[in-house]
Amino acid sequence: MSNYYLITFADFSEILKTLIREKIVDKVISGEGKRNRFQISPLLESDPKKLEEFPLSSLFIYNFDRINSASKFLHKKAGGALTEKIAMIGHPADARALIELGKRLQVELNNVFVIVLENIGTIQANDVINLLKEEGIDPESVEDDFLTDEEYQIKLKDGTIKKYPLGKKIDITDNDKRADIKKLDQNFDLGITWITLEPFSHELILRIGSEKAKDLFSKLTIKKVEVNTKKLDVLLKKQSEIMEKARIQKEKDISEYLSRPDRINELAKCTMCGVCINACPVCFCTDCILQKQRKEKNIDNLTYQMTRVAHIGDSCVNCGKCDINCPTHLPLSLYFYSVTTKIKNEFKYETGMKKKEPIPRSWTALERGTT
Ligand code: SF4
Ligand code: SF4
């Protein structure tokens, strides 16, 4: 029996509703678009009836708006699932952030049902709004959207389909381009993707990743169609291609970044606005010393950045929320990626991957090999 099934968007809503009805979770982190379909914010939902309209394609393509992310929301607004069981639908970086937060006792991993969007990456909602403005398209007239590794597509309410090649007016975020872990092999319950499927078909490929998910699947009343070998081969080949491209991009970006002599001085352009701290899913201190010193004006911007690297250099999961939101456009995720890559090479520790693997900074000298 394969672990891959062909389902529809409607089946996905049924899965979420069943999670609550069967009391596998108490709440689901859902989303709502207050102004339009492109800019969605997370919210906690416990009523299965309200999960009918889950904004799946928006979450796939744009992620939660601005500094919001599923993992940050789970930690900050859903109590880290310490006392309630929560379903989180997020990107691979969210699943990896949970692992780092779990190790630091901020999240109870056993209480989280993790659904990972194993897709291409994300584009920025603001770029789409600007593109529509330029094209004279009313955002309200967009009925549906789709993203492949080559183009962004929208379907208007009158049935017109518009296609925009990636790389010109619109593109996948820089951190997503170098995220070579878009598909997780552990620490998820369900994976969903629309890679290789027909645009606007509202079909998905569902991957079952845990015993908990198998149990849920047995309780579902949806049609259970296994993905045939040919279709699965096409998907796996495409996913490997996407990850290989990301790996090459990552190596290129990091090597270019590390060869730039001005890279540390560039960080001095930081205005200490605090947005990157507020956006970061793995920044968890309740009383942030940096925020305090910033308000008291007794810290300089380089020390501010160096303290950030000391705090989260071994837990950054390359979600990109910091540089996407930085008003000074500093290449923050690249800077942190260069640090986590160094840690990976030196200590064989990859952030967000193994639940039980201790964090290198907590190793004894013997474990570190420095005695
Ligand atoms: S978001 Fe940018 S400018 Fe603001 S504190 Fe972070 S690095 Fe500095
Ligand atoms: S430092 Fe930036 S890229 Fe890394 S986890 Fe925090 S917000 Fe995401």
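This text goes with the structure placed above it.
Analysis parameters
- Residues numbered from 1 in each chain as written.
- Chains lettered and ligands numbered in written order.
- Predicted model: local features only at pLDDT ≥ 70, side-chain atom pairs only at ≥ 80, totals over all residues.
- Heavy atoms only, no water.
- Pairing = 2+ DSSP bridges.
- Helix = DSSP H or I, 4+ residues; strand = E, 2+ residues; numbered from the N terminus.
- Contact = heavy atoms within 4.5 Å.
- Axes fitted to C-alpha atoms, helices over the stretch in contact; angles between N-to-C directions.
- Core = buried A, V, L, I, M, F, W, Y, C linked by side-chain atoms within 4.5 Å.
- Buried < 20%, exposed > 50% of the residue type's maximum accessible area, 1.4 Å probe, protein only.
- Near = heavy atom within 4 Å.
- Nonpolar A, V, L, I, M, F, W, Y, C, P; charged D, E, K, R; others polar.
- Phe/Tyr/Trp six-rings, centres within 6.5 Å; stacked < 30°, edge-to-face > 60°.
- Disulfide = S-S within 2.5 Å.
- Salt bridge = Lys/Arg side-chain N within 4 Å of Asp/Glu carboxyl O.
- Parallel < 35°, antiparallel > 145°, perpendicular 65-115°, else oblique.

K.L.:
Please give an account of the sheet that holds strand β1 (residues 4–8) that cites residues and values.
P.N.:
Taking strand neighbours across the sheet as the criterion, the eight strands line up as β3-β2-β4-β5-β9-β10-β1-β11 in an open arrangement whose pairing is mixed. Both edges of this open sheet fall to β3 (40–45) and β11 (225–226), since each of them pairs with a single strand only. Relative to strand β5 (residues 112–117), strand β4 (residues 86–90) is paired through five bridges, and the arrangement is parallel. For Gly90, the partnering residue across the bridge sits in β5 and is Val116. Here helix α1 (residues 9–21) sits on the sheet in contact with β1, β2 (27–33), β3, β4, β5, β9 (190–193) and β10 (203–208), set at roughly 100 degrees to β1.

K.L.:
Could you give an account of the environment of Pro92, naming the residues involved and the relevant values?
P.N.:
Within the fold, Pro92 resides in helix α4 (residues 92–103). Separated by 46 residues in sequence, Pro92 and Asp138 have C-alpha atoms that sit 32 Å apart. Sequence-distant contacts of Pro92, defined by excluding residues within four places in its chain, comprise Val116, Leu117, Ile181, Lys182 and Leu184.

K.L.:
Tell me about the nonpolar core, residues and numbers included.
P.N.:
In terms of nonpolar packing, the biggest core is built from 86 residues, with Phe12, Phe113 and Tyr152 touching the most fellow members. Aside from chain neighbours lying at most four places away, what touches Phe113 is Leu19, Ile24, Val25, Ile86, Ala87, Met88, Asp189, Leu190, Lys212, Ala213 and Leu216.

K.L.:
Can you lay out the site of ligand 2 for me, pointing to particular residues and giving the numbers?
P.N.:
Around ligand 2, the structure places 13 residues, and the nearest of them are Cys280, Cys316, Cys319, Gly320 and Cys322. Each residue belonging to the shell around ligand 2 can be placed in one class, and the counts come to nine nonpolar, three polar and one charged.

K.L.:
How would you summarise the packing of aromatic side chains if you had to cite specific residues and measurements?
P.N.:
Per the stated rule, a full pass over the model turns up nine aromatic pairs. Here the aromatic rings of Phe12 and Phe54 are separated by 5.7 Å at their centres, their planes lie at 70 degrees, and the arrangement is edge-to-face. On the criterion of sequence distance, the pair formed by Phe12 in helix α1 and Phe54 in the loop between β3 and α2 (56–62) is long-range, its members being 42 residues apart. Residue classification places Phe12 among the buried positions, given a relative accessible area of 1%. Judged by centre distance (4.5 Å) and plane angle (35 degrees), the rings of Phe60 and Trp194 are tilted. Of the two residues, Phe60 sits in helix α2 while Trp194 sits in the loop between β9 and β10, which places them 134 residues apart along the sequence. For Trp194, a relative accessible area of 3% translates into the label buried. Members of the aromatic cluster, joined through ring pairs, are Phe9, Phe60, Phe146, Trp194 and Phe200.

K.L.:
Residue-level account of the site of ligand 1, with values.
P.N.:
Near ligand 1 you find 14 residues, and of these Cys270, Cys273, Cys276, Gln305 and Cys326 are the closest. Secondary structure elements with two or more residues in the shell around ligand 1: α10 (275–279) and α12 (301–312). Residue composition of the shell around ligand 1, grouped by class: 10 nonpolar, four polar and no charged.

K.L.:
Give a description of the state of the cysteines that names residues and reports values.
P.N.:
Scanning the entire structure with this criterion turns up zero disulfides. Lacking any disulfide linkage, Cys285 is separated from the closest cysteine sulfur, that of Cys288, by 6.2 Å. Overall, the relative accessible area of 40% leaves Cys285 in the partly exposed class.

K.L.:
Give a detailed account of the pattern of salt bridges, specifying residues and quantitative values.
P.N.:
For side chains bearing opposite charge, pairing can occur when the charged atoms are close. Enumeration according to the criterion identifies 30 salt bridges in this entry. In this structure, the salt-bridge partner of Glu211 is Lys214, at a minimum N-O distance of 3.4 Å. One end of the pair is Glu211 and the other is Lys214, both in helix α7 (residues 211–219) and three residues apart, which spans about a single turn. Glu211 gets classed as exposed once you look at its relative accessible area, which sits at 59%. Residue Lys214 is classed as partly exposed on the basis of its relative accessible area, which comes to 38%. Between Glu296 and Lys292 there is a salt bridge, with the nearest N and O atoms lying 3.5 Å from each other. Pair noted here: Glu296 and Lys292 are both in helix α11 (residues 289–296), with a separation of four residues, about one helical turn. Among the residues examined, Lys292 registers a relative accessible area of 46% and is labelled partly exposed. A single network of salt bridges, built from pairs that share partners, joins Glu14, Lys17, Arg21 and Glu52.

K.L.:
I'd like a rundown of the sheet that holds strand β6 (residues 142–147), residues and numbers included.
P.N.:
In spatial order, the strands read β6-β7-β8; together these three strands make up an open sheet with antiparallel pairing. Each edge of the open sheet is held by one strand with a lone partner, namely β6 and β8 (161–165). Pairwise comparison of adjacent strand axes, ignoring direction, gives a mean angle of 20 degrees for this sheet. Looking at chain direction, strand β7 (residues 151–156) and β8 are connected through five bridges and run antiparallel. Residue Ile154 lies in a different strand from β8, and its bridge partner there is Lys162.

K.L.:
Just give me the short version of the side chain of Thr173, but keep the residues and values in it.
P.N.:
If you trace the backbone, Thr173 turns up in the loop between β8 and α6 (174–177). Looking at Thr173, the relative accessible area reads 7%, which means it is buried. Aside from chain neighbours lying at most four places away, what touches Thr173 is Thr122, Gln124 and Ile324.

K.L.:
An account of the packing of helix α8 (residues 229–258) against helix α14 (residues 332–347) is needed here, citing residue identities and associated values.
P.N.:
Relative to each other, α8 and α14 sit at 100 degrees, their axes nearing to 10 Å. Between α8 and α14, the angle falls in the class roughly perpendicular. Residues Lys250, Asp253, Ile254, Tyr257 and Leu258 of α8 touch α14, and the partners they reach there are Leu334, Tyr335, Tyr337, Ser338 and Thr341. Across the contact of α8 with α14, the residue classes tally to six nonpolar, two polar and two charged.

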